Structure formats: structure tokens, C-alpha cells
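# Inside the fold
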Amino acid sequence: MLREKVINLEGCSYKTIGLLVLLSSVFLCKQAKAQSSYDSLNVKLPKHYFNTIIEMDGYNKPSVSLDTTGRRELNQKIDAHLKNYAVKQFNLSFCIPLITKEKKGSGADSAIIENSHLLLTGNFFSLKPVFEGLSQHTLTKRGIGLRYIYNTGKKGVWFFDAAPFVTRDITYRSRPYMRLSGTVVYSHNVSDNFNWRIGATKSFMWGNRLYLPFIGLRFGRLDKINFSFQFPRRVSLNIPFNPKIRMSLYSQPQGGMFNFSNHDTLYPKFAEATFHFTRYEINTGLRFDFKLSSHFNFFVSGGISSKNNITFYSDRANNRTNVFYRTYFYSASPVPTYYVQYGLVIKLGKTRSYYNNRNIYDAIDLNSGTDINDNNSQIPVPSKKLPKSTNLQSIEDLIDFTEF
Amino acid sequence: MKHAGKILILLVLIFGPVVLLAQNDKEKIEALRVAFINKKLELSTSESEKFWPVYNEYNEKLRAVKKNLRQSYKRKPDIISDADAEELFKLEAQTKQAELDLYKQYSERLKQIVGVKKMVILHLAEEEFRQKVLEIVKGKSD
């Protein structure tokens, strides 16, 4: 058959071949036209799916007495020295999308759009543990990190985060300490209403250097009522009342590992200039997020802070190569108190359109759950009804002038 | 850092009402439009996961093309030269061509995902929603 076709082709005149070439080039030109007519207009689309986010929040806990009864001698001495304990903290975080790459499938996979995102993250954290018997110390944590998110375009999203940071007691002369926290998570969207995650994290949130598994489950859509269990970070029931107000009932750990100057000679054995102050607590409460516009949010939250713990670790007694710090010279478990947190989220820039794109929603949720405390302010929550009136200018992108 | 909390509250009090007044309905209506279409189409999980990224991309490009034309008209003064008029005339034709080409290209891709029946439902749903929005706008101008 093939041989016959070849012979037939050989038999064709040059005119016929020329005609075939012309026809096929016309066909190819028509195919390319769809792309070229759009490209020739040279319109610019936003580059990224993520907004640049700047988030500031404050957190306060009232003073409680440190119990001195039934404890070892050194603990009692330090208790008497410290007297009362309260917390004031301020956090400033940002997240900037740097590179977004998109890849489209071909053939049977032509509907699949994979994308990868590289983001720059930053964090400035200031903690003031208020001990009545001590002069005021300000402990800081400053860090800049990178985050890579890969959306497979099918059901999975990969999340990688590396966040090096430096902790320091800025009140007195102290040695800064460099540390690294990181997270690797694979998130699988079984359906709009169910998602599971698995991974690992190196975190200081629980008041020590811990390597923990990351296990997550979510029931319900991210833009509707959902219940989310994300160990070791957060358990929450999220209820969006409308596009502007969202409520969350949640429980999450809060803490960290900081450097503390031995200016007050809390550690008597060695004249160490710096030791490690760690704290953690589990905050259970309510959070309200108010979406003022597409660029501003603010939130208030409050509740009970329980399982409080503060510990002082000597640097010498704990080998840095150990997985976590074991030898401490002071530890206390203050009684539960209330806490108050309030913050402002600023979103800058325009993003690509991602309505109902559950992988992008999931990527935003992964990003939001690590350091950026914006509670998914980027995910649009649909309202139940249309506004009663609007002006044409505000919706000119949605309808044509010619439709009037 | 001493007064960080107070500064934060102050920022919310200053900027909160300002941005609240400045915001428009675009985002709200767009979210509602998407929810409306989603409801009408009754997409399965696998259809939904493929449909929305492609449909969003189509709408994004289509709007960018229309906006480009709109802005070109706004840039020109009321009385324009023949050369400017010629340029706008060409741009108008180019835009219409790009709209049509985008439609052909993306409707084919979307048809492969959801099938021809749902493409017709999509068109009807878009039209129905557009009418609802037009009614609101006309109501205000009356």
C-alpha cells in the first residue's frame, strides 16, 4: 500500500505538489492565527497567582504568678526572682511571589495546567516576656526564607518551605543564634470537599527544636464552611458568614525558642552571656476576619491560653547536635489565662484569575498556614445575592458597553 | 516596637473606613457569577478540576483584550485626528478578531472537558447572569 502511495506521489505533477504545499500552509496559518491575533494586541496579564502579603499582628496575655511550691531548689529561687509572667508580642511577616511558571499539557492532557511558584518570605518577630522581678527583655526573631509550591494540575500540590532565622535578645549584649525551620508537604485534593496532607516539618513552635510529621485533613470547601485538622499547626472550624466576615473556632500552639541575655544572672552556674528561653501555649478561641476590601483585612481573636510552659535551657548543657534540648535549669507551667490577638493584612498587586481552581485555593491555604497569618484572605467567598445597585464603571470588565 | 500595637490599631482605624468606601462591586459580582455558572453546570469532580483553570484563563484573556480597547478609547480626546481614528478602527477590528479566535480556541478545549451539552448550558448561564447584572445597572441609571 505504502509503495503504491509513494509511486502515486511520484506520478503527481509538480503543480499538484505545489498546490498541496500551498493548501497546507494556509491551514497552518489559520491554526496559528488564534494565537497571533491575541498576541498581536500585546495585552499584559498579571504574572502571579499570589498577592504580595504584608501581615502585622499583636498578641497579649495578662500577668500570672509563677508558682514556687513543691519544686526543686533552683526552680524556686528563679521563681522568686521572676515573680510574675505576662506576654506581649508583635509580628510582621511578608510573602512576595518572585517567579510563576506555567506549563500546559498537550493532546489528551491539553486541559491540564501545571504551575510552580517561588515566593520570598520574611518575618520580624518581637517578644516581650514580662517578668515582674526582671528588667524588660525584648527577644527578636528575624528571618528571610524561600517557599516553592508546585501545582501538578491534577489532584496534588507540593509545598516546600525553608526559613532560616536569627534569634537575639536585643535589650542587652547577647550572642545571636541562627536557626532553620522548614516544611515539606504533599497535599492531595480528593474532591472539593475533602483534602489530605502528609509531610514533615522542623519547627520551634512547640518550644523546642522538633522534627514532626505533618498530617492534615480537611472536610468542606475552603470557600465555604470547613473543618480542618493540621497537625502540628492548627485545628479549626471555619465559617464564612459572607464575603466580608469569616469566623474561625480554633486551637493552635504558639511558641518558639529565643535567646535570653543572662544580664540578670538567672543562671548562676556559669557566667553565660546568653541562654535559651522557650515558651509554648495552646490557644483555643474565636477569630473574626473582616475583609475591608480586596487589599485590606483585619482580624481580632481571643480565647483561653492553656498548657502554658516556659523553660530556660543552658547553651553549654545542651549539645547543638542533639535533636532537641533536654537539660534545662528552670521550667514552669503558668496557669491558663485569656489572650487577645489583633492584626492587619495588606494584599498588594493583581493576580491571575483562579476562581474555583481548587489546587490554587489549596496552594493559598498551604501558604497561609505557614507563618503568614492571613487566614486565607485571598480565597474569594461568593455572596448569596447580587448587590441591589452598582455603577457601570465598577463592573465594566464584566459586561460590554454594547449590551445597552 | 514599643508602640507597635497602638500603631496597628491606628492604621486600621484610618485606612479601614477609607478602603471600605473606595471598594467596588466587581469582585463580589464576579465571585457570584462563577458560583452561578458552577451551579448551573453541575460539574463532576474531574470535570471541575480541569474546567475552571481553562475557563479562568479564557475569561482573563478575553477581559484583557476588551480592557485594552476600552483604555485606548479613553486615552484619545473627544476630537481625534484621522490617524488616531484609523488606529482605533484597526484596533477595534483586531480586538473583535482576537475575541473570536480566543472563543474558538478555548471553546474547543472546554468542549473536550465538559462535552457539547454543557457548553450550551454554559452559554445560557452566562447570558442569564449578564441579564441580571444589566438589570441592576439599568435600575440605578433610571
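Structure: above.
Residues numbered from 1 in each chain as written. Chains lettered and ligands numbered in written order. Predicted model: local features only at pLDDT ≥ 70, side-chain atom pairs only at ≥ 80, totals over all residues. Heavy atoms only, no water.

### Section: the overall build of chain A
Secondary structure summary: chain A contains four helices and 15 strands in total. Residue burial in chain A is summarised as follows: out of 404 residues, 52% are buried. Partitioning the intrachain contacts of chain A with sequence separation of at least 6 by distance along the chain shows that 64% fall at a separation of at least 24. (Helix = DSSP H or I, 4+ residues; strand = E, 2+ residues; numbered from the N terminus. Buried < 20%, exposed > 50% of the residue type's maximum accessible area, 1.4 Å probe, protein only. Contact = heavy atoms within 4.5 Å.)

### A few points about the nonpolar core
B:Ile37, B:Phe51, B:Trp52, B:Tyr55, B:Val65 and B:Leu122 are the most contacted members of the largest nonpolar core, which totals 36 residues. Secondary-structure elements contributing two or more residues to this core are helix 2 (14-41) of chain A together with helix 2 (26-41), helix 3 (45-75), helix 4 (82-114) and helix 5 (116-141) of chain B. For this core, the element with the highest residue contribution is helix 3 of chain B, accounting for nine residues. Apart from the residues within four sequence positions on either side, B:Phe51 is in contact with B:Leu41, B:Leu43, B:Leu110, B:Ile113, B:Val114 and B:Leu122. One finds A:Ile78, A:Leu82, A:Ile310 and A:Phe312 within the second-largest nonpolar core, a separate group that totals 24 residues. (Core = buried A, V, L, I, M, F, W, Y, C linked by side-chain atoms within 4.5 Å.)

### Some points on the packing of aromatic side chains
Aromatic rings considered in pairs are described by the distance between their centres and by the relative angle of their planes. All names here are of chain A. On inspection of all chains with the given rule, the structure shows 31 aromatic pairs over all chains. Ring centres of Phe131 and Phe312 lie 6.3 Å apart, and the angle between their planes is 75°; on these two criteria the pair is classed as edge-to-face. Here Phe131 is found in strand 3 (residues 113-131), whereas its partner Phe312 is found in strand 13 (residues 296-313), with 181 residues between them in sequence. This pair shows no difference in class: Phe131 is buried, exactly as Phe312 is. By the ring-pair criterion, three or more aromatic residues cluster together here, those being Tyr85, Phe131, Phe260, Tyr267, Phe275, Phe277, Phe312, Phe329 and Tyr330. Above the plane of the ring of Phe165 lies Lys141, whose end atom (NZ or CZ) is 4.9 Å from the centre. Here the basic side chain of Arg287 rests over the ring of Phe299, its NZ or CZ set 3.7 Å away from the ring centre. (Phe/Tyr/Trp six-rings, centres within 6.5 Å; stacked < 30°, edge-to-face > 60°. Lys NZ or Arg CZ within 6 Å of the ring centre and 35° of its normal.)

### Side note on unusual backbone geometry
For residues besides glycine, phi is generally negative; the peptide bonds are generally trans as well. Residues and elements named next belong to chain A. Of note, the bond from Phe231 into Pro232 is cis; its omega dihedral lies within 30 degrees of zero at 10°. Mapped onto the elements, Pro232 comes out in the loop between strand 9 (226-231) and strand 10 (234-240). The phi torsion at Asn42 lies on the positive side, around 55°, for a residue other than glycine. Here Asn42 lies in the loop between helix 2 and strand 1 (52-65). Residue class for Asn42 comes out exposed when judged on its relative accessible area of 63%. Despite not being glycine, Asn356 shows a phi value in the positive range, around 60°. Examined against the element boundaries, Asn356 turns out to sit in the loop between strand 15 (337-348) and helix 4 (358-368).

### Observations concerning helix 4 of chain B
Residues and elements named next belong to chain B. Taking 1.5 Å per residue as the helical rise, helix 4 with its 33 residues ought to reach 48 Å, and the 47 Å between its terminal C-alpha atoms agrees with that figure. Every buried residue of helix 4 is accounted for by Leu88, Leu91, Thr95, Ala98, Asp101, Leu102, Tyr106, Ser107, Arg109, Leu110, Ile113 and Val114. With its phi angle positive at about 90°, Gly115 sits one or two positions after the end of helix 4. (Expected span 1.5 Å × (residues − 1).)

### Let's talk about the packing of helix 3 of chain B against helix 4 of chain B
Two numbers describe a pair of packed helices, the interaxial angle and the distance between the axes. All names here are of chain B. Closest axis-to-axis distance for the helix 3/helix 4 pair is 10 Å, and the angle between their directions is 175°. Judged on the interaxial angle alone, helix 4 and helix 3 are roughly antiparallel. Of the residues belonging to the contact of helix 3 with helix 4, the class tally is 17 nonpolar, three polar and eight charged. (Axes fitted to C-alpha atoms, helices over the stretch in contact; angles between N-to-C directions. Parallel < 35°, antiparallel > 145°, perpendicular 65-115°, else oblique. Nonpolar A, V, L, I, M, F, W, Y, C, P; charged D, E, K, R; others polar.)

### Here's the deal with the packing of helix 2 of chain B against helix 3 of chain B
All names here are of chain B. Packing of helix 2 against helix 3 leaves a shortest axis separation of 13 Å and a crossing angle of 135°. Comparing the axis directions of helix 2 and helix 3 gives the class oblique. Handedness of the crossing formed by helix 2 with helix 3: right-handed. In contact with Glu30, Arg33, Val34, Ile37, Asn38 and Leu41 of helix 2, helix 3 contributes Phe51, Trp52, Tyr55, Asn59 and Arg63. When its residues are assigned to classes, the contact of helix 2 with helix 3 shows six nonpolar, two polar and three charged. (Left-handed = near helix turned anticlockwise from the far one by under 90°.)

### Considering the environment of A:Tyr250
Residues and elements named next belong to chain A. With respect to the helices, strands and loops of the structure, Tyr250 is situated in strand 11 (residues 245-261). Residues Tyr250 and Ser236, 14 residues apart in the sequence, show an inter-C-alpha distance of 4.1 Å. Contacts of Tyr250, omitting those with residues within four sequence positions, involve Arg234, Val235, Ser236, Asn283, Thr284, Gly285, Leu286, Arg287, Ser301, Tyr339 and Gln341. Engagement of the side chain of Tyr250 in a polar contact is seen with the side chain of Tyr339, the distance being 2.7 Å. (Polar contact = N/O pair within 3.5 Å; in protein donor to acceptor, adjacent residues only side chain to side chain.)

### A short note on the pattern of salt bridges
Across all of its chains, the model carries 23 salt bridges over all chains by this definition. With its nearest N and O atoms 3.2 Å apart, the salt bridge here joins A:Lys104 to B:Glu57. You can see A:Lys104 sitting in strand 2 (residues 84-104) and its partner B:Glu57 sitting in helix 3, one on each of two chains. For A:Arg147, the salt bridge goes to A:Asp161, with nearest N and O atoms at 2.9 Å. A residue pair is termed long-range when its members are at least 10 positions apart, and A:Arg147 in strand 4 (residues 139-151) and A:Asp161 in strand 5 (residues 156-169) qualify at 14 residues. Look at A:Arg147 and you get buried, because its relative accessible area is 0%. The class of A:Asp161 is buried, set by a relative accessible area of 7%. A single salt-bridge network, built from bridges that share partners, covers A:Lys155, A:Asp192, A:Arg221, A:Asp223, A:Arg358 and B:Glu49. (Salt bridge = Lys/Arg side-chain N within 4 Å of Asp/Glu carboxyl O.)

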